[in-house]
Amino acid sequence: MRNGKKKETREPLIHLTRRDTMHPAKAWGIRGIAVLLGLLVCGLAAFLLVEKLQQNPGRIGEFYYTFIKGSFATQRKTWKFFKDLAILLSIALALTPAFRMRFWNTGAEGQTLMGVWGAIAVAFYGGGKMPEGVLLVLMFLASVLCGAIWGGIPALFKAKWNTNETLFTLMMNYVASYLVAYFLVVWVPSGSSNLGKLKYGKLPSFGHDYLVIILVALVLTAALYIYLEYSKHGYEINVVGESVRTARYVGIGVGKVIIRTMILSGALCGLAGYLIAAGLDQTITTESVGGQGFTAIMVCWLAKFNPIGMVLTSGLITLLDHGAAQISQDFSVAADFPDVVVGIILFFIIGSEFFINFQLHFRGHEKEGIK
Amino acid sequence: MNIWMNFFIDSLAFGATFIYGSTGEILTEKAGHLNLGIPGVMCMGGAGGCLMLNLIGQSGLPGFLIVILGILGSFAAAMLCGLIYSFLTVSLRANQNVTGLALTTFGAGLTRVLMKKADPVVYLVGPKQLYRFPFADRTDSLQLLGVLWFLAVAVAILASWVLFRTRTGLNLRAVGESPATADAVGINVTRYKYLATMIGSGIAGLGGFFYIIDYMASQEAYLSVEAFGWLSIALVIFALWRPHLTILGSTVFGLLFSCSSYIANIPGVQVTMAAKPILKMLPYLVTILVLIVTSIRNKRENQPPASLGLSYFREER
Amino acid sequence: MEKKLALSMRGITKRFGPVIANHHVDLDVYHGEILAILGENGCGKTTLMNMISGIYFPDEGQIFMDGKEVVIRSPRDAFEHKIGMIHQHFKLVDLFTAAQNIILGLEEENRYNLKEVNARVGEIADRYGFHLNPETKVYDMSVSEKQTVEIIKVLYRGADILILDEPTAVLTPQEIDRLFAVLKKMKADGKAIIIITHKLNEVLEVSDRVAILRKGEHVATVNTAETNESQLTEMMVGKKVVLKIDRSDPVNPTPRLFVKNLNLYDSEGVQVLKDVSFTANGGEILGIAGIAGSGQRELLESISGLQPLKSGEIIFHNPKKDKPVTFFHKSLKRVMELDREHAFHDPEGKEISFEGMSRKAIREMVNSGKVLFKEDDVINLRDKDPLEIRQLGVHLSFVPEDRLGMGLVGNMDITDNMMLRSYRKGHAGFLDRKKPRTQAEQIIEELQVSTPGTATPVRRLSGGNVQKVLVGREIAYTPKVLMAAYPVRGLDINSSYTIYNLLTRQKENGVAVIFVGEDLDVLLALCDRIMVINGGRITGTVDARSATKEEIGLMMTRTESRETGEGGKARA
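Residues numbered from 1 in each chain as written. Chains lettered and ligands numbered in written order. Predicted model: local features only at pLDDT ≥ 70, side-chain atom pairs only at ≥ 80, totals over all residues.

A word on the overall build of chain A. Counting its secondary structure elements, chain A contains 15 helices and 2 strands. C-alpha atoms of chain A, sized along the principal axes, occupy 90 × 65 × 35 Å. For chain A, the proportion of its 371 residues judged to be buried stands at 52%. Across chain A, every contact between residues at least 6 apart in sequence was considered, and the portion connecting residues at least 24 apart equals 77%. (Helix = DSSP H or I, 4+ residues; strand = E, 2+ residues; numbered from the N terminus. Buried ≥ 20, exposed ≤ 12 C-beta atoms within 10 Å, placed from the backbone. Contact = placed C-beta atoms within 7 Å.)

The structure is reproduced here in structure tokens:
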């Protein structure tokens, strides 16, 4: 430190500047490296946590291979992979309009759960009393409506009184969860809160049970992309997200856009709930959504709010999740190991964004470069 | 002790879980960071304490040392989670919501993996009595008011005192309100953010530890800590970002939460099973109400810290 | 003179990417003097001072104090060297009291005694003649009070070198007088004071020496007593200012906008517009002069429908009796609406009714030019939001002062910014980007916007180019009234002239142009009439061809009563 006397200046050791842009290929490269580093750390974590690996370190290759195996080893697994991807993708897509508007909707979990609830409530009360087709349509409407209401309420307060939406939507998740718990008590006379599979209200399967869900998610991706990039609504959402003052200046009703967009976001969550209810479970528990509403926030953010990118990011998360689940099976570790793996990889990807957005200058280096 | 008193003290004791969680989160939020990883941090705090006790529970160390080492283990594990969060959100300026959620996923998952390796006979059965000092011999709910409960109350009051009566607190609040201002007067914004987040996380972690080792004292208890983490975040709003108010708020939350298990025993009160979930929903509804009312009244002192959720970069032009 | 050197800078250079903000600047500051740093907007004054106060770190160069080189890496380093800076945008925590802000960040005993702090603050305030209640919360303070807190904050830390960045920009004349008195007392106390400014009269009034910066370079330092306004101006801008704005005489000015008795209160209940009345004529540029924050912004925002008025009328008058309807200004839907209000007649004076006609037939009829307006348009814009104003067919353009925060969206490209006003056009729910793109290309070509293309985010353009895009878009809307707030602020000379010429062209096309400016020379050379606003009140309107700077300056600063000076909160 002291020998720098002759130099004109002593800069701070590390100097940060915000990058203007980075070539997308390079940015994806950085994210790729982050995932690889994350996997490496997961391997290390595995040595600490997985006894079978400690006994036989040679199985580390198998360990990594299992990540792929978890999703694609059998046809059934492949279908399951795409099904889980589709559900996660649907919820992430639902969040996108809100996030583009900088409305931090942390309530996808509850909005989706209310969607499940709406569909199941209709099936519970109306099942068998009407044709299956009518029932499915009514279930759909109920799901969308419930999701929309759950998303719309916080928006109403945000628009009127600027009530903090992150915390409001977060709280709404638990209200939804206990509401479902309440109805389970009401619906199940035995008190076990186990509703069981309903006989009515199942989406028809075209070849495969999961096909409808996957197709819906794909259509939704394209539709949302078009809506956000090419529609007037999408444009308004972007303007409001970028600058509320600009929106007012050009006469966009900011409150109206916030409420409309959150109703849409909630309704899409409701749709995802419908897929879970009518396409998969035909029943409801408080864990029907199982935290995917929160995972979707990360999926959405990792894709930079771009619907097409979300196909990739939800794929990545699902892949990790399934892979790690397979590992817990093959190496007999606790069933919660996937969460650890997903967490670690997420940390690395989240951290890598820094190197995409900022440039590091180390003392000295730059100077020589100029001379 | 009559049933009312029993019920009240039970709620009071239960509240300590939230006092820790909320006080920790308040410190973090006062530095401008919304840590949605608190549920995961609380789980890890529980795991850290239990694993430490798993090591020393039957070592024959003096009781008070076991108590202190358990607390330190819990604090340290939670603080490490806080370190991950701070590094990502402060140094790498990552999105706080996403980082927090990732931390919750990671912390809750890791806790469950780790807790399966611990032996409840070692970490729970013996130490439980030590932590329930001084009322360990009671059979009613008074036994729940142990070392960690008193510590919780002390921590909350101390946190309020530091925040609102000392320079450290003044500087910390300035960092959360306006980091650029704090920076301009020479406050080391990064250091404050790191310390507040890490100490806050450590404190929150004790909440998970208390719940497992004292309040529930069961080997399944760690499974429900995550849910109470979210409730702690709610309590922050309810307490209007003042740690001492969490003592009051947590008791209210505790009453609402545990009355479902007492209510059936109270003579003259007729409730159905269906009332339980509704009662448990109340804390969240009340929190929403508080959030709405404060936003309508728009009193400056009751708002979230102004820069909550935003990362700070000095040379932003 | 036996003055002690306080600080010297040698060869200071700072770059922001490709932009050189300061280039090899040498500067000395002495104790017991007031040094003015003079320069145009964007000449690097603030950047230079930020390097002594620890906000930025110089890329090259050295700073010496007491003959030794010092390294100032952070504001804390600056404080340790007894340097304190009062930023133009105050750095205070709104939620804290004055006293809490003052002791913020000090490393003293952790438990603080507010009474002692208050006493010490009182002592400093007395010594230099400030008025401040240390218990007041910052969010309850006027701008001048906030500035006082900032000054006491650095004095409390024992600063010997005080840097004030544009300290008078938001103050009332009395407040400026009081500030200068305080500064002189501090100077007498042996402090070194640096004020950054671009106002010549203040430099001459208060400073001992003047350092002039131009485009990041230090031009010269002169003794104030040995210089005068024209010499300083010359050094500041590089050549003698002869404003060559082509001003044409207004052709047939017709009243276009009547503003009557506007009264407006801000969200904190302070009256910001007081009984404002005026008329803007088509074919004329009406200048608005005034000290920053006298209500100019609020006035323009009121007219464009962005402020909820307490009382008053804004009447838009469009003389179009017996003129044909075109689809250039009116949509088919609007034409049909007007028809239902019996607004049209044919050249013979017979009323026209479209009832029962097909859309196609209506179109043909309008395009034949035989559908004429029966009456002039007289529309009250009060309580209408920007969208409603637009839907009424009132072409009102507004170039706001905050270009990237209000007029444009920084992260969107030029095409998408073009659409801001027009994206609603067309029936479908989808956007038409073709026309905006053509428009963007046109503007880029005509106004010589230097940009890689229409897909470049606006935030990446330079200030001048951003403004060209904004003004270009507002003009492309074929306005009847064009309002521009500080449209040349921060622009280089060439871009400024482009903007002046654009405004003049608009005036020649019969548009009523309202120009809010800060430079009186420009106002006098560009406008036809100049209206002066002072504390939210119109204090006079003069003919720009015959008025003098002094005359306007007096109206800008004249105060009617103590009440407005003390209680009226100037707006930042």
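Right, let's talk about the overall build of chain C for a bit. Along chain C, the regular secondary structure elements total 20 helices and 22 strands. Here chain C has a C-alpha radius of gyration of 27 Å; the compact-globule value for 572 residues is 25 Å, and the two agree. With respect to the three principal axes, the spread of C-alpha positions in chain C is 90 × 50 × 50 Å. Classification of the 572 residues of chain C by burial places 43% in the buried group. (Rg over C-alpha atoms; globule rule 2.2 N^0.38 Å.)

For helix H2 (residues 38–56) of chain B, which comprises 19 residues, the first-to-last C-alpha distance of 27 Å matches the rise-based estimate of 27 Å (1.5 Å per residue) to within 8%. Where burial is concerned, most of H2(B) is hidden: 16 out of the 19 residues are buried. (Expected span 1.5 Å × (residues − 1).)

All names here are of chain C. The 6 strands are arranged S6-S7-S8-S3-S9-S10 in an open sheet whose pairing can be described as mixed. Two strands close off the open sheet at either side, each with one partner strand: strand S6 (83–86) and strand S10 (217–223). Across the sheet, the mean angle from the axis of one strand to that of its neighbour is 20 degrees, orientation sign disregarded. Along the sheet face, helix H5 (residues 143–156) touches S6 and strand S7 (161–165) and points at about 175 degrees away from the line of S6. (Pairing = 2+ DSSP bridges. Axes fitted to C-alpha atoms, helices over the stretch in contact; angles between N-to-C directions.)

Between chain B and chain C, the contact holds 19 residues from the first and 17 residues from the second. Of all the secondary-structure elements, those providing two or more residues to the side of chain B that touches chain C are helix H7 (167–177) and helix H8 (179–184) of chain B. When residues of the side of chain B that touches chain C are assigned to their parent elements, the largest contribution, 6 residues, is made by H7(B). Among the residues forming the side of chain B that touches chain C, the class breakdown is 7 nonpolar, 6 polar and 6 charged. (Nonpolar A, V, L, I, M, F, W, Y, C, P; charged D, E, K, R; others polar.)

Residue and element names in this part refer to chain C. Of the strand pairs in this sheet, strand S11 (residues 254–265) and strand S12 (residues 271–282) are connected by 8 bridges, and their pairing is antiparallel. Counted as the bridge partner of proline 255 is asparagine 281 from S12. Between S11 and S12, which pair antiparallel one after the other, the connecting turn spans 5 residues, and glycine 269 there sits at a positive phi close to 85 degrees. The pairing of S11 with strand S14 (residues 311–318) spans 5 bridges and is classified as antiparallel. Residue leucine 257 lies in a different strand from S14, and its bridge partner there is phenylalanine 316.

Right, let's get into the interface of chain B and chain A. For an interface, size is often stated in terms of accessible area lost upon the parts coming together. Taken together, the contact between chain B and chain A spans 41 residues of the former and 43 residues of the latter. Looking at the side of chain B that touches chain A, the elements with two or more residues in it are helix H3 (63–91), helix H4 (96–115), helix H10 (225–238) and helix H12 (275–297) of chain B.

Along the chain, Phe133(B) connects to Pro134(B) via a cis peptide bond; the corresponding omega equals 10 degrees. In this model, His24(C) sits at a positive phi of 45 degrees, which is unusual for a non-glycine residue. Inspection of the secondary structure puts His24(C) in strand S2 (residues 19–30). Since 14 C-beta atoms lie within 10 Å of it, His24(C) is described here as partly exposed. In this structure, Lys215(C) is a non-glycine residue whose phi angle is positive, near 50 degrees.

Time to look at the domain arrangement of chain C. Residues and elements named next belong to chain C. Looking at chain C, the domain boundaries give domain 1 (5–237), domain 2 (252–319 + 381–395 + 479–489 + 501–572), domain 3 (330–375) and domain 4 (405–477). Each of domain 2 and domain 4 was reduced to a C-alpha centroid, and the two centroids are 26 Å apart. Contacts between the two partners involve 6 residues from domain 2 and, on the opposite side, 5 residues from domain 4. Here the side of domain 2 that touches domain 4 is composed, by residue class, of 4 nonpolar, 2 polar and no charged. (Domains from an automatic or database assignment.)

What follows covers the sheet that holds strand S21 (residues 529–534) of chain C. Residue and element names in this part refer to chain C. Spatially, S18-S19-S20-S13-S21-S22 is the arrangement adopted by the 6 strands of the open sheet, whose pairing is mixed. Edge positions in the sheet fall to strand S18 (396–399) and strand S22 (537–543), since each of these pairs with one other strand and no more. Looking at each pair of strands side by side, their axes are set apart by 15 degrees on average, direction ignored. In this structure, S21 lies alongside S22, joined through 6 bridges in antiparallel fashion. Within the sheet, the bridge partner assigned to asparagine 534 lies in S22 and is arginine 537. Against the sheet, helix H9 (residues 296–303) contacts strand S13 (284–289), S18, strand S19 (481–485), strand S20 (512–516) and S21, and its axis sits at roughly 150 degrees relative to S19. Of the strands in this sheet, S13, S19 and S20 touch helix H17 (residues 493–508), which is tilted by about 150 degrees from S20.

Right, let's talk about the packing of helix H10 (residues 332–340) of chain C against helix H11 (residues 359–367) of chain C for a bit. Residues and elements named next belong to chain C. Where H10 contacts H11, the two axes come as close as 11 Å, and the packing angle between them is 85 degrees. Classed by the angle they form, the pair H10 and H11 counts as roughly perpendicular. Counting all contacts with H10, which are made through Leu332, Val335 and Met336, the residues of H11 involved are Arg359, Ile362, Arg363 and Val366. Considered class by class, the residues forming the contact of H10 with H11 number 5 nonpolar, no polar and 2 charged. (Parallel < 35°, antiparallel > 145°, perpendicular 65-115°, else oblique.)

A separate point is the environment of Asn50(C). Residues and elements named next belong to chain C. Relative to the assigned elements, asparagine 50 resides in helix H1 (residues 45–52). Sequence separation between asparagine 50 and valine 143 is 93 residues; the distance between their C-alpha atoms is 22 Å. Setting aside anything within four residues of it in sequence, one finds asparagine 50 in contact with Ile55 and Tyr56.

Here the focus is the confidence of the model for chain A. Residues and elements named next belong to chain A. Confidence in the prediction for chain A averages 89 pLDDT; 94% of positions are at 70 or higher. Confidence scores differ between elements of chain A, with helix H15 (residues 365–370) showing the lowest mean pLDDT of 41 and helix H5 (residues 108–126) the highest of 97. Between residues 1–10, whose pLDDT stays under 50, and residues either more than four places distant or in other chains, the model counts 8 contacts. A low-confidence stretch, residues 366–371 (pLDDT under 50), is modelled with 1 contact involving residues beyond four sequence positions or located in other chains. (pLDDT = per-residue confidence, 0-100.)

For soluble globular proteins, the rule of thumb is that nonpolar side chains tend to be buried together. Residues and elements named next belong to chain A. In terms of nonpolar packing, the biggest core is built from 373 residues, with Met139 and Cys300 touching the most fellow members. If one sorts the elements of this core by residue count, helix H11 (residues 254–281) sits on top with 16 residues. Contact partners of methionine 139, with chain neighbours within four places excluded, come to Ala119, Val122, Ala123, Gly201, Tyr274, Ala277 and Ala278. (Core = buried A, V, L, I, M, F, W, Y, C linked by C-beta atoms within 7 Å.)

In the sheet, strand S1 (residues 5–16) of chain C pairs with S2(C) via 8 bridges, with the strands oriented antiparallel. Among the inter-strand pairings, Leu5(C) is bridged to a residue of S2(C), identified as Tyr30(C).

Attention now goes to the packing of H2(B) against helix H9 (residues 189–216) of chain B. All names here are of chain B. Between H2 and H9, the shortest axis-to-axis distance is 6 Å and the interhelical angle comes to 60 degrees. The angle between the axes of H2 and H9 places the two elements in the oblique class. In the packing of H2 onto H9, the handedness of the crossing is right-handed. On the side of H2, the interface is formed by Ile38, Val41, Met42, Cys43, Met44, Gly45, Gly46, Gly48, Gly49 and Cys50, while H9 contributes Ser201, Ala204, Gly205, Leu206, Gly207, Gly208, Phe209, Tyr211, Ile212 and Ile213. Split into classes, the residues belonging to the contact of H2 with H9 amount to 12 nonpolar, 8 polar and no charged. (Left-handed = near helix turned anticlockwise from the far one by under 90°.)

What follows deals with the environment of Phe180(C). Residue and element names in this part refer to chain C. Mapped onto the secondary structure, phenylalanine 180 falls in helix H6 (residues 173–188). Along the primary structure phenylalanine 180 and threonine 254 are separated by 74 residues, whereas in three dimensions their C-alpha atoms are 45 Å apart. For phenylalanine 180, the residues in contact, after removing those within four places along its chain, are Glu205 and Val206.

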